[in-house]
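Next come the chains, spelled out residue by residue.
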Amino acid sequence: VVEEICRLLGAEVTVDIKALKAVGLRFDSTFEDVLEQIKGLFDSKTELLRVVRYIEPNYEMELIAPSLNEVVGVETVPTAPDEIPDFEQFFWGIRKICASQAWDAGNDGTGIIVAILDTGIDSTHPDLQGQIVSRYDPLKGSIIDPEIDYSFGFHATHVAGIIAARKNGSGVTGVAPGAKLMDIPIFQPEFIGDEFVAAGIVYAVDNGATVLSNSWDGKGFSTLLYEAISYASRAGVVFVNSAGNDHVNEVRNPSVYPGVVMVASSSAIDGIAYSSNRSVK
């Protein structure tokens, strides 16, 4: 069936996700033209309706950039090139959630692997050295050295530090400094497509991730992403998604899917962060 559709559209298979029984196709045509061609194929071969579950376009997603509008009490600290001070006094978020008490109780993330689906992590950063245990590039379909700088922007490195920067008296400390990270770059530098994200989710689930961190969002509905997230949920893997930074009452893709933990943000004075989205009232 896939081969026949590829011949009809002059398309190529970009990824084959066997666990989801889905493939991604790429071709040079308009959506309207493709829709008419596919309708004609199914009208002439109705037996295909029994084996094809769905066909959908591939949507673009938006990276949720961290907001600097509400940074409180942070001052410029002069440092020597080879010296990074301990910024613990500025960790108001860590204090708000009583993270240190959790660490003292033995809950520092040890044994947890968090897959970060984002812009790729700079593993050479002093706070993150040794924290990235694996890296998979879904666009290439290959495993990449986890110790190199494989970033296509700063966002994933920023997120990685929030999650699992080492507690070593230098720089910052993550909420779960004992956790390890899996790097899955889905912005290279732009969004690489739902089919590759789905492949990245399946890889993370099949290779030991226990939490999936997703700081990106978009409009619309993707059956493929829904099935990939369902695959994670059935495996007991927690899928976390940022609410967004547009100051609106709206739930977006992928937060709309069952089983997703959507996270909004508050300020240092326990207010709603100005940039943060809210759920629908």
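For the structure, see preceding data.
Note that the structure is a prediction, hence the values are computed from the model and not measured. Each chain has its residues counted from 1, following the order in which its sequence is written. Selection of residues for local features in this predicted model requires a pLDDT of at least 70, selection of side-chain atom pairs for listing and counting requires 80 or more, and totals for whole chains, interfaces and linings are taken over all residues. Only hydrogens and water are set aside; all other atoms, that is, all heavy atoms of the structure, feed into the side-chain values.

Chemist: Please clarify how unusual backbone geometry should be interpreted in this entry.
Modeler: Working note: non-glycine residues mostly have negative phi, and peptide bonds are mostly trans. Following Q188, the chain continues to P189 via a peptide bond in cis, the omega torsion being 0°. We count a stretch as a helix when DSSP gives it H or I for four or more residues in a row; a strand needs E for two or more, and each element gets its number in order from the N terminus. In this fold, P189 is placed in the loop between β7 (180-185) and α6 (194-206). Here the amide bond leading from N253 into P254 is cis, since omega sits at 10°, within 30 degrees of zero. Topologically, P254 is positioned in the loop between β10 (238-242) and β11 (260-263). At K21, a position not held by glycine, the phi torsion is positive, near 50°. Along the chain, K21 falls in the loop between β1 (12-17) and β2 (22-26). For K21, a relative accessible area of 74% translates into the label exposed. Only protein chains enter the calculation, and the probe is 1.4 Å; a residue is then buried if its accessible area is under 20% of its type maximum, exposed if over 50%, and partly exposed in between.

Chemist: I keep staring at the nonpolar core and nothing clicks. Help me out?
Modeler: Proteins that are soluble and globular tend to have nonpolar side chains buried together. Throughout, nonpolar core names a set of buried Ala, Val, Leu, Ile, Met, Phe, Trp, Tyr and Cys residues whose side chains join them through atoms within 4.5 Å. Residues L20, L117, I186, I201, L212 and W216 are the most contacted members of the largest nonpolar core, which totals 36 residues. Taken together, the elements giving at least two residues each to this core come down to β1, β4 (113-118), β7, α6 and α7 (223-234). Per element, the largest residue contribution to this core is 9 residues, and it comes from α6. Note on definitions: a residue-residue contact is assigned when non-hydrogen atoms from the two residues lie within 4.5 Å. Those residues in contact with L212 that lie beyond four places of it in its chain are A115, L117, I201, A204, A232, V237, V238, F239 and V240. If you look at the next biggest cluster of nonpolar residues, it comprises 13 residues, including V114, I132, A160 and L181.

Chemist: Is there a simple way to think about the packing of aromatic side chains in this case?
Modeler: Note on aromatic pairs: each is described by the distance of the centres and the angle between the planes. Two rings from Phe, Tyr or Trp (for Trp, the six-membered ring) form a pair when their centres are within 6.5 Å of each other. A pair whose planes differ by under 30 degrees is stacked, one over 60 is edge-to-face, and the rest are tilted. Counted by the stated rule, this structure contains 8 aromatic pairs. Each ring, one from Y150 and one from F152, has its centre 5.3 Å from the other, and the planes form 80°; the classification is edge-to-face. Judged by its relative accessible area of 11%, Y150 is buried. Take F152: its relative accessible area is 31%, and that puts it in the partly exposed class. Between F187 and F191 the ring centres are 5.6 Å apart and the planes differ by 55°, which places this aromatic pair in the tilted class.

Chemist: In this structure, what is going on with the pattern of salt bridges? I would like to understand it.
Modeler: Side chains that differ in charge, positive against negative, can pair when their charged atoms come close. What counts as a salt bridge is simple: a side-chain nitrogen of Lys or Arg found within 4 Å of a carboxyl oxygen of Asp or Glu. Within the structure shown, the criterion is met by 6 salt bridges. Of the charged contacts, one joins K18 and D16 as a salt bridge, the two residues approaching to 3.2 Å between their closest N and O atoms. Its relative accessible area of 44% is what places D16 among the partly exposed residues. The salt bridge partner of E227 is R53, with a shortest N-O separation of 2.6 Å. Highlighted residues: E227 in helix α7 and R53 in the loop between α2 (31-44) and β3 (62-63), separated in sequence by 174 residues. R53 sits in the partly exposed class, given a relative accessible area of 49%.

The values are spatial; any link to function lies outside them.
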